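# Coordinate analysis (summary)
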Amino acid sequence: MWGVDGATTGPEWDGHLMLLHESAAERQAGVAAWVQRGLDLGEKVLYAEGPDEQEGSLITALEAHEVDVPTALRDGRLTLVPLAEFYPAEGQRLVVDRALAEGFPAVRMSVGVLGALTILSPRHHLSVEQRLEELVRSLPVSVLCQYARSSTRGPALRDAIGVHVPGIRETCFRTGESELGLVLQGEVDACNAEVLEAAVTAFTDVPPRVLSLDLAELTFIDAAACRALAQGSRGLRASGGRLLLVAPPPQVERTLCLLGLDDLPGFQVVGESP
Amino acid sequence: MSQETRQGYRHAALLFDSDEDFLAQALPFLQAGLSAGEAGLVVCQEAHNDLLARALPDDAHVLVLPRDAVYTRAAHVGVTYERLVHRLLAEGARGTRLVSEPAYGSEPQAWETWADFESVSNVTLSALRLSSVCGYDVRRLSASMLHDVQRAHPHLLTEDGPVPSGAYVAPADLLGTSPPRPDPLEATPPSLDLEGITDRAGVARARGEVRAVVAAACPDTVVGEEFTGAVAEVVTNAFHYGGPPVHVRVWATSSRLLCTVTDQGSGADLLFAGYSRGDLDAERSGAGLWLARQTCDRLDAYRTPGGFTVRLSSAVPPAAPGAEGARARAGAPDGGARGARLRAAELLGRVD
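Quick summary incoming for the structure in this document. Everything numeric here is computed off the predicted structure, so don't read it as measured data.

### Digging into the interface of chain A and chain B
Listed per partner, the contact involves 46 residues of chain A and 43 residues of chain B. The partner of Glu187 of chain A in a salt bridge is Arg211 of chain B, and the shortest N-O contact between them spans 3.1 Å. Linking chain A to chain B there are 9 residue pairs in polar contact (both at pLDDT 80 or more). Of all the secondary structure elements, the ones that give two or more residues to the side of chain A that touches chain B are strand S9 (210–221), helix H10 (223–232), helix H11 (234–238), strand S10 (242–246), helix H12 (250–258) and strand S11 (267–270) of chain A. If you tally residues by element for the side of chain A that touches chain B, the top one is S9 of chain A, at 6 residues. When grouped by side-chain class, the residues that make up the side of chain A that touches chain B number 21 nonpolar, 10 polar and 15 charged.

### Observations regarding the pairing of strand S2 (residues 39–43) of chain B
As a general feature of sheets, a regular strand has side chains that alternate between the two faces. All names here are of chain B. For S2, a buried count of 5 out of 5 residues is recorded, marking the element as mostly surrounded by other parts of the structure. As paired elements, S2 and strand S4 (residues 96–100) share 5 bridges and run parallel to each other. In the sheet register, Ala39 faces S4, and the bridge partner there is Thr96. With 3 bridges joining them, S2 and strand S3 (residues 62–64) adopt parallel strand pairing. Bridging from a neighbouring strand, Leu41 pairs with Leu63 of S3. With helix H3 (residues 46–55) bridging S2 and the parallel S3, this β-α-β connection has right-handed handedness.

### Observations concerning empty space enclosed by the protein
One pass over the structure, following the stated rule, counts 4 cavities of 30 Å³ or more. Volume-wise, the largest cavity comes out at about 150 Å³. Looking at the largest cavity, it is lined by 15 residues, and the ones nearest its centre are Gln251 and Thr255 of chain A together with Glu225, Glu226 and Gly229 of chain B. Breaking the lining of the largest cavity down by element, the ones donating at least two residues are S9 and H12 of chain A together with helix H10 (221–241) of chain B. A per-class count over the lining of the largest cavity returns 6 nonpolar, 4 polar and 5 charged.

### Points about the sheet that holds S4 of chain B
Neighbouring strands of a sheet are bound in pairs by backbone hydrogen bonds; such pairs are parallel or else antiparallel. Residues and elements named next belong to chain B. The strand order across the open sheet formed by 7 strands is S3-S2-S4-S5-S1-S6-S7, and the pairing between neighbours is mixed. Each end of this open sheet is capped by a strand with a single partner; those strands are S3 and strand S7 (161–164). Pairwise comparison of adjacent strand axes, ignoring direction, gives a mean angle of 25° for this sheet. Judged from the 4 bridges that link them, S4 and strand S5 (residues 131–137) form a sheet pairing that is parallel. Bridge pairing links Leu98 to Ser132 in S5. Set on the sheet, helix H6 (residues 108–124) makes contact with strand S1 (10–16) and S5; between it and S5 the angle comes to about 155°.

Calculation notes
- Residues numbered from 1 in each chain as written.
- Chains lettered and ligands numbered in written order.
- Predicted model: local features only at pLDDT ≥ 70, side-chain atom pairs only at ≥ 80, totals over all residues.
- Heavy atoms only, no water.
- Contact = heavy atoms within 4.5 Å.
- Salt bridge = Lys/Arg side-chain N within 4 Å of Asp/Glu carboxyl O.
- Polar contact = N/O pair within 3.5 Å; in protein donor to acceptor, adjacent residues only side chain to side chain.
- Helix = DSSP H or I, 4+ residues; strand = E, 2+ residues; numbered from the N terminus.
- Nonpolar A, V, L, I, M, F, W, Y, C, P; charged D, E, K, R; others polar.
- Buried < 20%, exposed > 50% of the residue type's maximum accessible area, 1.4 Å probe, protein only.
- Pairing = 2+ DSSP bridges.
- Right-handed = clockwise from strand over helix to strand, strands pointing away.
- 1 Å grid on protein atoms, 1.4 Å probe; cavity = no way out; pocket = protein on both sides within 12 Å on 5 of 7 lines; lining within 4 Å.
- Points joined across faces, edges and corners; volume = space filled by probe spheres on them.
- Axes fitted to C-alpha atoms, helices over the stretch in contact; angles between N-to-C directions.

Following this line, the structure appears as structure tokens:
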């Protein structure tokens, strides 16, 4: 897990990500790992500090996580941009093109959503998220959108997760994608079952067909999270689609089967042996 | 009696002191059911399974199962019988009759757990269309164990059929009046003592620490992971529905796992709760307590001066030869995920 205690800086920090943080410490640990990943790859890192962050707090946090900030700033590899510049009327394409024109192989940008909502309406922000998703899919771009768990609830949480389905970075749980479908990693319980349910709902919101969840790196699931799997996929399953639960570790598979998830219409556990 | 069998759970003890005695009581009971169109279920020690199977006609509608396959954990036994009965009824049986010989292990805690479940089942299985006869060899029962059997069974089987048991005590009166006896382990220093769990990070951390002390004491990874999962359900429940701060204590020895989870809430009466699984597709399923009961040997919930406590315990099975091999397989680089992914790719490709 990326958690506060030991964030790693690998490919899990690339793409269009949603950092769903519960505390300032957690937020800073995630951001530091993400920045470090960009610097390691020689990318241009753009960061917009919001009014909810203390001025200079990013620098302090990065230094606490041993990121060489002065050098990165001096070389222009890390740039702090004002919110208005991060969200120009012409869209983020402009920001990206400018950075690529400087000769960087790739660009990564991060912003706190609370800050963004001081200059954008929630609806406008959601459409920006959708355009960012297109940018990430078409250009060498990574985006880290920071959402505070305490202020992202209900429909807002579902909307936000809907545009980051394979990019959720939560305290104990994260998502990814493979050629087979959605990948779930970490631990899901009653505390983050809502996040799981929203991700599964968005992932399965397609015409009825067969989809797969890769559970090989899911290390713990509880009853609430099993319910979330059932509820989130209800539409798909009710309309004749199927959801494969692929390669669950033994303890996860036992829980799924004890709770009868594998008996519900539309679910199929695909384990090691047929 | 066959009339009543079709309505709900009937629960009798069969007390015997010889194989002949056992057969003389059990056989007429099964035969009466079979001739009324009911299905039979026989789950006894091997010798008695054979005796009954030989005494019944070959084409009799009787399912004979080895008892070790059924008598795993008390809460699990009820689930197994529910499934079996539903299957037999779906196949057209007009009712079901069971002759069993419960296997309850040799530890005193195991007997107590089993005897309590015998009593609880009068409530939790009350809707099940099953006439159940539990065989006990009185030569192997102490006086207090015999008393437990008589108090937990509303009926006693005789050669003429079931008669009311004079010693029967209603489950709520037998079990619901006082907190369970303190477990001897509770008087010893705990292996893990986590006080003041007040937030989500604390819940996740508690899960990790419980997992670690349990894994260190319990070589059987299934028993250990299940116990950790049961504790996790209870901690989550205490955190969300009880009242923080939550206090978790674990005792992990080479023979037993014990955990108490105390919250500051007013608690709930869980004596008969969590014995049926519920539907995950339904709005609220209560699946957490059900899962916890299925994944430990025993779960008690009671009010204490400090709040509301749930106590869980499991026996640690002796390390089995060959367990190392299983562990090595489980530790394969991808845990066998590659094969599963190939099969998933096939399934995705075939239907898309």
